[in-house]
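Read off the chains here:
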Amino acid sequence: MSPADTDDLVPHLGPSARRRLVAAFAIAWLVFWALMAWVSVQEHVRSGGGQPWRRVLDETTSMLVASGVVVLQWRWAKRLDRYLHRPWLWFARVLAWLPLLAPLFVLTIYGLRALVLGAAGEPIRFDPWPLLMRHEIPKFAIFYVLFCGVHFGLRSYRAWLGERLRAERLQALTQQAQLAQLTQQLQPHFLFNALNTIASLIHDDPQRADNLLQRLAALLRAASDAAQRPEQALADELALVRGYAEIMEERFGERVRIEWTVDPTALDCRVPTLALQVLLENAFKHAVEKRRAATAIQVAAVRHEGTLRLSVDDDGGVLAVTPSPGVGLANLQRRLTVLHGAAAGLSLSARLPAEGGGVRAELWLPCAC
């Protein structure tokens with residue numbers, strides 16, 4: 001076993017700590033087999049048997065082959081972590097290899113013993129194979145089942161510890177994201193302009209002004225609740241973002257046009273709260289506000305093969321040569337990483353001239369409905 005084999009088991013440890021852990025495991029493993037050999041030799045001597053070194057040979061070959069089985073099983077079982085919450089299924093998958101591994105184990109250890117005895121010029125005398133199988137397979141089965149139990153316990157502890165660490169990190173990051181959204185994304189100039197837009201409608205269209213004010217209140221309430229509700233259904237996110245878009249359309253008038261393309265099957269997917277609002281505000285900030293010409297914005301939500309993709313395209317933005325995300329996008333990327341690891345991500349890219357130019361902001365994450 002190498003330090004890399006412990007990466008997913010103890011992800012919070014550094015390389016040196018992992019090496020010490022592997023060294024401690026190796027020492028414990030060798031001590032275990034040394035005790036097994038000592039007990040076997042003592043029993044052999046007490047029963048009047050000769051050539052105690054053959055008992056050492058037996059235990060050494062068993063230790064070598066069993067170590068190989070342990071390493072292979074350790075590495076292979078990593079892919080079964082998704083079944084840890086259903087122990088019977090985890091053990092069924094792992095123990096399914098026992099009928100194949102047991103006879104292979106017996107054949108291998110006796111093959112090694114025959115090679116050593118032959119090289120030493122000693123006579124090779126074993127019991128008949130049926131008798132050997134009846135004797136050795138139950139012992140191997142007990143060993144294998146016990147090791148699987150220990151392995152399951154370690155990986156279950158790792159899963160619990162990982163969830164605890166992720167929950168703690170998520171709580172801290174969502175609190176940071178909440179502060180960033182209240183101070184950076186919902187900036188005072190946005191609130192000032194939004195309220196001015198609403199004020200201008202109070203006398204001419206009181207009902208519309210009232211609706212816009214409710215949309216603004218909902219947006220502020222969602223930002224305040226982000227730490228307590230880090231995720232929400234896409235349908236709720238869209239309702240929130242459409243309110244934000246309506247306010248911005250009133251502010252910029254004919255300078256902006258927004259098109260919505262939403263896959264109905266994606267509405268139940270859960271997304272980080274205000275994730276789509278961050279992408280849309282990025283388009284307003286870097287495209288609409290910086291030009292007098294009309295800007296077309298396309299908001300899309302597509303679900304495909306278990307993955308949800310949210311994108312906001314504009315035809316007026318210009319991507320920097322070395323683009324770096326702002327506070328809102330950076331915090332969103334960190335939240336995606338905590339929630340979904342490598343299965344989620346965020347990107348900014350320049351659109352092709354054939355697409356109308358501009359910038360695309362896109363995020364993808366597993367669709368957990």
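This text goes with the structure placed above it.
Before going into details, it helps to say that this report is about the structure given with it. Everything numeric here is computed off the predicted structure, so don't read it as measured data.

1. A look at the state of the cysteines
Stage number 1. In the structure shown here, the tally under the stated rule is one disulfide.
Stage number 2. Disulfide pairing is shown between C269 and C367; the S-S distance is 1.7 Å. One quick way to see it: the torsion about the S-S bond of C269 and C367 is about -75 degrees, and its sign makes the bridge left-handed. Taken as a pair, C269 in the loop between strand 2 (256-262) and strand 3 (270-272) and C367 in the segment after strand 7 (359-366) lie far apart in primary sequence, 98 residues in all. This pair shows no difference in class: C269 is buried, exactly as C367 is.

2. Considerations on the packing of helix 8 (residues 234-252) against helix 9 (residues 275-288)
For any two helices packed against each other, the geometry comes down to the angle between their axes and how far apart the axes lie.
Stage number 1. It is the contact of helix 8 with helix 9, at a shortest axis distance of 9 Å, that shows an interaxial angle of 20 degrees. Between helix 8 and helix 9, the angle falls in the class roughly parallel. Between helix 8 and helix 9 the crossing geometry is right-handed. For the pair formed by helix 8 and helix 9, the contact residues are E237, L238, V241, Y244, A245, M248 and F252 on the first element and A275, L276, Q277, L280, E281, F284 and V288 on the second.
Stage number 2. Looking at side-chain class alone, the contact of helix 8 with helix 9 contains 11 nonpolar, one polar and two charged residues.

3. Focus on the side chain of T61
Stage number 1. Examined against the element boundaries, T61 turns out to sit in helix 2 (residues 53-76).
Stage number 2. By relative accessible area, which is 4% here, T61 ends up buried.
Stage number 3. Side chain to side chain, T61 and R113 meet in a polar contact 2.8 Å long.
Stage number 4. Discounting residues that sit within four places of it in the chain, T61 has contacts with I109, L112 and R113.

What counts, and at which threshold
- Residues numbered from 1 in each chain as written.
- Predicted model: local features only at pLDDT ≥ 70, side-chain atom pairs only at ≥ 80, totals over all residues.
- Heavy atoms only, no water.
- Disulfide = S-S within 2.5 Å.
- Helix = DSSP H or I, 4+ residues; strand = E, 2+ residues; numbered from the N terminus.
- Buried < 20%, exposed > 50% of the residue type's maximum accessible area, 1.4 Å probe, protein only.
- Axes fitted to C-alpha atoms, helices over the stretch in contact; angles between N-to-C directions.
- Parallel < 35°, antiparallel > 145°, perpendicular 65-115°, else oblique.
- Left-handed = near helix turned anticlockwise from the far one by under 90°.
- Contact = heavy atoms within 4.5 Å.
- Nonpolar A, V, L, I, M, F, W, Y, C, P; charged D, E, K, R; others polar.
- Polar contact = N/O pair within 3.5 Å; in protein donor to acceptor, adjacent residues only side chain to side chain.

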